[in-house]
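# Tertiary structure, described
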Amino acid sequence: MSLKHQNIIKLIKRTVSVLIYYPIAYAFKILSIKAPHFYVDRIGHLLVDPDSFLKEYYLLNGSFPRCLLIAPKSLEGLPINQSILDYWKKYFIVIQNPILARIFLPLCFHPLLKSDENYAATQGGTSSTYEINAKWGDRDPLLKITMPHVKAGQNILIQMGLQEKDWFVCVHCRDSGFAPSGELSAGHRNVDIETFMPSIQYIINQGGKCIRMGDSTMPPCPKIDGLIDYAISPYKSDFMDVFLCSESLFFLGSNSGLFEIAIGFGTPVAISNMGPLTSLPRGRHDLSIPMMHSKSDQNDLLTFSEIMDTDIANYRNAYDFEKAGIKLIPNSQEEILELTTEQFQKITNSFVKDKDNELLQKKYKDLFKPGHYGFGYASQIGEKFLKRYSDLLP
């Protein structure tokens, strides 16, 4: 069958679907019931997209909408965090039954109901989630751990070896095991946990514990006192992923959707190895540092302007960087330790801001223009990182 005939058949199916669903879509519209479409087969999208949708609606209308969240098991068979879905039931009618999900899914794309949600899945343009979260300011997060869950989580922490008054930091270094089929596009986001070890030791030296997050395919982490390898422990569960991220002093991680659980529940994050340059955490109390860029055949670093003035700024896939001859340089142990120290000191009110920081933050932020993925962001770049690479700023 020719491509022309295939397109004709698709158009006919689409037209028939629109006509069949028109009465239901019209009723939804009259009753002001929303049916947004979210990519729920990735943990980051499951947090960012519904969160941004609800905040955007509230900022415009002063109330939350009546809406569906269609979240069946993904086609790839990847698990969805059931605990997060249960928390979203406060705001959404969550449809998980595969048959009902198949019935209701066309409503998400019906002309009467479809809306443009330029959130985390935005490609080649600005994600509205940054402006939305900047406007949200210091309002409370939409998600808050319940007291029964706090008690249940604390009981498991004791079984894991923590004492009742211990504080901890979740640590996550992205690995290839969770979604090996996507490594051709996302392999550049993987991180060696060894680069986090000085930061882990710093947290332990301050009196805290570190809990290594991740999935069960990860290799064991180094064995040191104060570091708990939760990722491959029998205590790992959807519930504990949420509890740990919500109750952590802060979340120390890399460019992976897991840190969005922390942000969704109001926990500050410190994220290293961000890439592309325009991708940052969305919370106003969050910190991050990006990977540096160089030409594959050269040692000189590209300036921030050389990156931001080209399409490189919005590259999302490893093969895009490779095709453009761009080498991404992971953050060093020292850079990650500086980021960790800054976030810890800010949370414990012991941070002394450098006098040049405000100017450097402004120079960096001014590089972001409409069309850049993270335009309008409210978070900050690590202070010492900006000072170290200030010669690459305009």
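Report on the accompanying structure. (Residues numbered from 1 in each chain as written. Predicted model: local features only at pLDDT ≥ 70, side-chain atom pairs only at ≥ 80, totals over all residues. Heavy atoms only, no water.)

### Description of helix α5 (residues 129-136)
We apply this condition: Note on classification: 1.4 Å probe, protein chains only; a residue is buried when its accessible area is under 20% of the maximum for its type, exposed when over 50%, partly exposed between these limits. A run of H or I in DSSP counts as a helix once it spans at least four residues, and a run of E counts as a strand once it spans at least two, with each numbered from the N terminus. The directions from the helix axis to the C-beta atoms form the arc being described. Contacts are assigned to residue pairs with any non-hydrogen atoms lying within 4.5 Å of each other.
Looking at α5, one finds that the buried residues are Thr129, Tyr130, Ile132, Asn133 and Trp136. Each buried residue of α5 sits inside an arc of 165° when the element is viewed along its axis, so together they form one side. Tucked inside the fold, the buried residues of α5 contact α2 (43-61). Of the residues one or two after α5, Gly137 is the one with positive phi, at around 65°.

### Some remarks on the packing of aromatic side chains
As a reminder, the rule being used: Aromatic rings from Phe, Tyr and Trp, with only the six-membered ring used for Trp, were paired whenever their centres fell within 6.5 Å, and each pair was classed as stacked if the ring planes differed by under 30 degrees, edge-to-face if by over 60, and tilted otherwise.
Counted under the stated rule, the structure contains 19 aromatic pairs. When the ring of Tyr58 is compared with that of Trp136, the centres are 5.7 Å apart and the planes differ by 70°; the resulting orientation is edge-to-face. Of the two residues, Tyr58 is situated in helix α2 and Trp136 in helix α5; the sequence distance between them amounts to 78 residues. Overall, the relative accessible area of 30% leaves Tyr58 in the partly exposed class. For Trp136, a relative accessible area of 6% gives the class buried.

### Details of the sheet that holds strand β2 (residues 66-70)
For clarity, the threshold we go by: One bridge is not enough; two strands pair if DSSP finds at least two bridges between them.
Taken in spatial order, the three strands of this open sheet run β1-β2-β3, and their pairing is parallel. Of all strands in the sheet, those with a lone pairing partner are β1 (33-34) and β3 (93-95), marking the two edges. When β2 meets β3, the two strands line up parallel, connected through three bridges. Within β3, the position partnered with Ile70 by the bridge is Ile95.

### Focus on the pairing of strand β8 (residues 269-274)
How we decide: Classification remark: right-handed applies to a crossover when, strands pointing away from the viewer, the course from the first strand over the helix to the second runs clockwise.
Counting buried positions over the six residues of β8 gives six, a clear majority of the element. Pairing of strand β7 (residues 251-253) with β8, which is carried by three bridges, proceeds in the parallel orientation. By the bridge assignment, Leu252 is partnered in β8 with Ala270. Between the parallel elements β7 and β8, the chain passes through helix α10 (residues 259-264) in a crossover that is right-handed. Here three bridges tie β8 to strand β9 (residues 287-290), and the two strands are oriented parallel to one another.

### Brief notes about helix α8 (residues 197-205)
Turning to α8, its buried residues number three or more, namely Met197, Ser199, Ile200, Tyr202, Ile203 and Ile204. Turning to α8, the residues buried within the fold contact β4 (168-171), β5 (209-212), β6 (227-228), β7 and α13 (333-347). Immediately beyond the C-terminal end of α8, within one or two residues, lies Gly207, with a positive phi of roughly 105°.

### A few points about unusual backbone geometry
A cis amide bond, omega 10°, links Gly275 with the succeeding residue Pro276. Secondary-structure assignment places Pro276 in the loop between β8 and β9. Residue Asn273 is not a glycine yet carries a positive backbone phi of 55°. Topologically, Asn273 is positioned in strand β8. Here Asn273 falls in the buried class, since its relative accessible area comes to 3%. Even without a glycine there, the phi angle at Asn349 is positive, about 55°. With respect to the element layout, Asn349 can be found in the loop between α13 and α14 (357-365).

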